[in-house]
Amino acid sequence: MSGLSIEHVSMRFDLPNGSSVQALEDVSLHLKEGELMSVLGPSGCGKTTLLNIVAGFLAPTDGRVVMNGEEVTGPKADRGMVFQQGALFEWMDVRANVSFGPRMKGQREAEWGEKVDHLLEVTGLADFKDKAIYELSGGMQQRVALARCLANDPDVILMDEPLGALDALTREKMQGLVLKLWKETGKTIILITHSVEEAILLGERLVVMAPRPGRIHKEYRLPYAEMGVGADLREIKHAKGYAETREEILEMIWNMEEEIMGRAEELQ
Amino acid sequence: MIGLALLAVYVGIFVVSYLVVRYFVHQSISGFTARKTVTFGDESAVTPNRIASVVSVVTIFLIWGSFTGSAWVPGFLHAPAPFVGETSFTYTLEAPDGQRDDATVFVHVLPFGEKPEKFTVPPGDGFAKDDAVAMTASRSVTILFDRNDEVKRKDGAHVVAIDGNPISPDTVVKTGIGRFALTDKGAISFQPPTGLQMEPIWLPPPESVVQRAVEIARDGYRDTTLWGHLGYSLFRVVVGFALGALVGIPLGYAMGLSNWFRGWFDPIVEFMRPVPPLALIPLVIIWFGIGETGKIILLFLASLWIMAIAARSGVSGVNISKVHAAYSLGASKAQIMRHVIMPNSLPEIFTGARVAMGVCWGTVVAAELVAATEGAGMMIMVASKFQLTDIVLMGIILIGVIGFGIDILMRKAEKILVPWKGRS
Ligand SMILES: Nc1ncnc2c1ncn2[C@@H]1O[C@H](COP(=O)(O)OP(=O)(O)O)[C@@H](O)[C@H]1O
Ligand SMILES: [Mg+2]
């Protein structure tokens, strides 16, 4: 069976002081090939944990993840990851970063050169390919991270708040780039975000998670990602139903946050 | 006294040059700091004032020259020199029968480094006879004035006045000629004005240090050329440090990557780290003697812990996302080690290397002070035994300059090899 299945995944962290945190409880999802799913939820609801389990960095306490019919037991090149920040290799220039995956597989430049240069072109980094990472702006660094992930040709791309540290304008540009790359490459993408707008604009599917224990609260199927490919994302925000969806989700998250705060107050 | 004068002069120059530069030198600050309104406590706004640095260095040499009477410093800037030349004073001797007589003491005060030569003067009249004394500047002499007198101290004669000023065993007379006192046995103790300058044996003037440096650079010292001495010290540092790094870095990596290694070596490293290498010198000499082996082992130990700790924190300090990213890009453990962990630890290792080099340089000099047949520290130690202060100073200056040079080289290497340091 192709695609990515998250089957009844639970994750409990045992803390050194004897207590434990139920970070995820019985989460199940199935992603078909080429789907773009955004995940939204208040901070601490287990989004990163879920992504780390899918990537294979963490083993769930219960349940399993199945990738193209094969159970996930660790990180592998078929699941690429884009982090928020700090995951680039400063000791390599832009081109060496992007070609890292192919080079680790033992490919020679003749094999990866064309693909890498194409990706640099697509992500607008062609002029910066010999620059050092620390010479780039935050937005450009994230483009390098995207290109590096794509150069390795994974089946699924996992993104943990990849645009979270960028300013609003750069962020909008990058959202457009993500949509474009998604359409061009047909990759399956899970994108975690803090921003309701980003989740709606980029998510073909949108999953809202709730905290304590971390679980799936509600799922949407949205048309905006498809509409947004190659279009002006600011136009999409005026599309039919967008505002209502946004209000509904905002309200949902707002209530969750209220509940968290209320519980915190009760504890005090 | 000299200390206070020095401090006063130094503070004075500091303040005056600050005021002069502040009011008379127009400094245009350029760059973004020029338009800052709040700069207090902002590190980027505080840069070393180059004028201050130059004045600071010049001041040190000026004070050095001035208080040593250097020929390189114009005379009017010299601190008051000790009295040198010919002088004389009279003493009044009282015989036991109450009779008094005056006699003159002629004193030749010779500059530092010149040997006082005895001379004679006609005895003059009366029962107290004139005396002749030769002495060195700044010293005090005890004058046995009665050797030629007709009535001696042991007969009950004693001095009652110097140049007409009454003197007794518990009064001290100070005149323009110098300071007079009577010893317990009644002899005259005399010290001509000392001025504020240092004796060369305490602090030689800069030119004699330079002259000595030229001499030693040409003729060598103790059967080894100057470059030989410095080369020996540098060689020990380089070999000791290289061995320390060669063992310490892999050890640090192992400690950063394996619980067992971490547990095994943590107590050793944490115990050895605070032990200053100098404290190991006696043990190293007992075990390995004063030859090269002992010194290199000492420097090896000095750098080993520093490098191990630097490598360990370089490994543990890796951002976990970098490792995760490399894993999901398909890298193997060995590849992550080679392409992520190792380069990522380089900045920390360089910081450690700079510290280790500094410690090694200091340690080698100290070790050579204790026992060596050649080396920068040995030069100082031997010279100090013979009170050759100029060689001691030359050695100290060379050691400082070389230590500074090593650090500059390390910083240059760091800039070239780990340009991303502190920028991620
Ligand atoms: N390694 C860990 N050890 C202990 N608790 C953890 C660990 N990682 C995450 N948690 C806990 O699990 C919960 C979910 O964390 P996370 O997945 O980071 O949330 P999110 O990414 O949605 O903000 C939080 O309560 C967090 O404190
Ligand atoms: Mg998170």
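Residues numbered from 1 in each chain as written. Chains lettered and ligands numbered in written order. Predicted model: local features only at pLDDT ≥ 70, side-chain atom pairs only at ≥ 80, totals over all residues. Heavy atoms only, no water.

**What to know about the overall build of chain B**
Of regular secondary structure, chain B possesses 11 helices and 9 strands. If you line up chain B on its principal axes, its C-alpha atoms span 115 × 65 × 40 Å. Here chain B, with 424 residues, has 42% of them falling under the buried criterion. In chain B, once contacts between residues fewer than 6 apart in sequence are set aside, the share between residues at least 24 apart is 67%. By element, 65% of the accessible surface of chain B is carried by carbon and sulfur atoms, the whole surface being about 23400 Å². Of the side-chain charges in chain B, 34 are positive and 33 negative, and the distance between the mean point of each set is 18 Å. (Helix = DSSP H or I, 4+ residues; strand = E, 2+ residues; numbered from the N terminus. Buried < 20%, exposed > 50% of the residue type's maximum accessible area, 1.4 Å probe, protein only. Contact = heavy atoms within 4.5 Å. Areas by Shrake-Rupley, 256 points an atom, 1.4 Å probe, with all protein chains shown as cover. Lys, Arg positive; Asp, Glu negative; His and termini not counted. Charge placed at Lys NZ, Arg CZ, Asp CG, Glu CD.)

**Quick look at the overall build of chain A**
Assigned secondary structure in chain A consists of 10 helices and 10 strands. At 19 Å, chain A has a C-alpha radius of gyration in line with the 18 Å of a compact globule built from 268 residues. Taking the principal axes of the C-alpha coordinates as reference, chain A spans close to 60 × 45 × 40 Å. Across the 268 residues of chain A, 53% fall into the buried class. (Rg over C-alpha atoms; globule rule 2.2 N^0.38 Å.)

**Let's talk about the side chain of K129(B)**
All names here are of chain B. Mapping K129 onto the fold places it in the loop between β2 (100-110) and β3 (131-136). Within the structure, the side chain of K129 is placed 2.8 Å from the backbone oxygen of G126, a separation counted as a polar contact. Not counting residues up to four positions away in its chain, the partners in contact with K129 are Y91, A103, P123, G124, N148, D149 and E150. (Polar contact = N/O pair within 3.5 Å; in protein donor to acceptor, adjacent residues only side chain to side chain.)

**Digging into the domain arrangement of chain A**
Residue and element names in this part refer to chain A. Each assigned domain of chain A is listed here: domain 1 (1-78 + 154-222) and domain 2 (89-152). If you look at the interface, domain 1 gives 15 residues, while domain 2 gives 10 residues. Taken as a group, P154, M174 and L181 account for 37% of the area that domain 1 buries against domain 2, more than any other trio of residues on that side. Where domain 1 packs against domain 2, one counts 1 residue pair in polar contact (both at pLDDT 80 or more). For the side of domain 1 that touches domain 2, the secondary-structure elements that each account for two or more residues are β7 (156-160) and α6 (168-185). Per-element accounting of the side of domain 1 that touches domain 2 gives the leading share, 8 residues, to α6. The residue inventory of the side of domain 1 that touches domain 2, partitioned by class, reads 10 nonpolar, 2 polar and 3 charged. (Domains from an automatic or database assignment. Buried area = accessible area lost by both parts, 1.4 Å probe. Nonpolar A, V, L, I, M, F, W, Y, C, P; charged D, E, K, R; others polar.)

**Some points on the packing of aromatic side chains**
A ring pair, where both rings are aromatic, is described by two values, the distance of the centres and the angle of the planes. In total, this model carries 12 aromatic pairs over all chains according to the counting rule given. With 4.9 Å between their ring centres and 55 degrees between their planes, Y91(B) and F145(B) make a pair best called tilted. Placement of Y91(B) in strand β1 (residues 85-94) and of F145(B) in the loop between β4 (141-143) and β5 (158-162) is noted, with a sequence separation of 54 residues between them. Judged by its relative accessible area of 0%, Y91(B) falls in the buried class. According to the relative accessible area criterion, F145(B) is buried, its value standing at 1%. Positioned above the aromatic ring of W182(A), the side-chain terminus of K183(A) is 4.7 Å from the ring centre. Above the face of the F145(B) ring, R153(B) is positioned so that its terminal group lies 5.8 Å from the ring centre. (Phe/Tyr/Trp six-rings, centres within 6.5 Å; stacked < 30°, edge-to-face > 60°. Lys NZ or Arg CZ within 6 Å of the ring centre and 35° of its normal.)

**Re the interface of chain A and chain B**
At the junction of the two partners, chain A supplies 23 residues and chain B supplies 20 residues. When chain A packs against chain B, close to 1900 Å² is buried across both sides, 69% of that on carbon and sulfur atoms. Sorting the residues of chain A by area buried against chain B places W91(A), M104(A) and Y134(A) first, and these three jointly supply 37% of that buried surface. Summed over the shared surface of chain A and chain B, the number is 1 salt bridge. For K322(B), the salt bridge identified is with E90(A), shortest N-O distance 3.3 Å. The interface formed by chain A and chain B contains 5 residue pairs in polar contact (both at pLDDT 80 or more). Those elements that provide at least two residues to the side of chain A that touches chain B are β6 (79-82), α3 (100-104) and α5 (138-151) of chain A. Along the lines of polarity and charge, the residues of the side of chain A that touches chain B split into 14 nonpolar, 5 polar and 4 charged. (Salt bridge = Lys/Arg side-chain N within 4 Å of Asp/Glu carboxyl O.)

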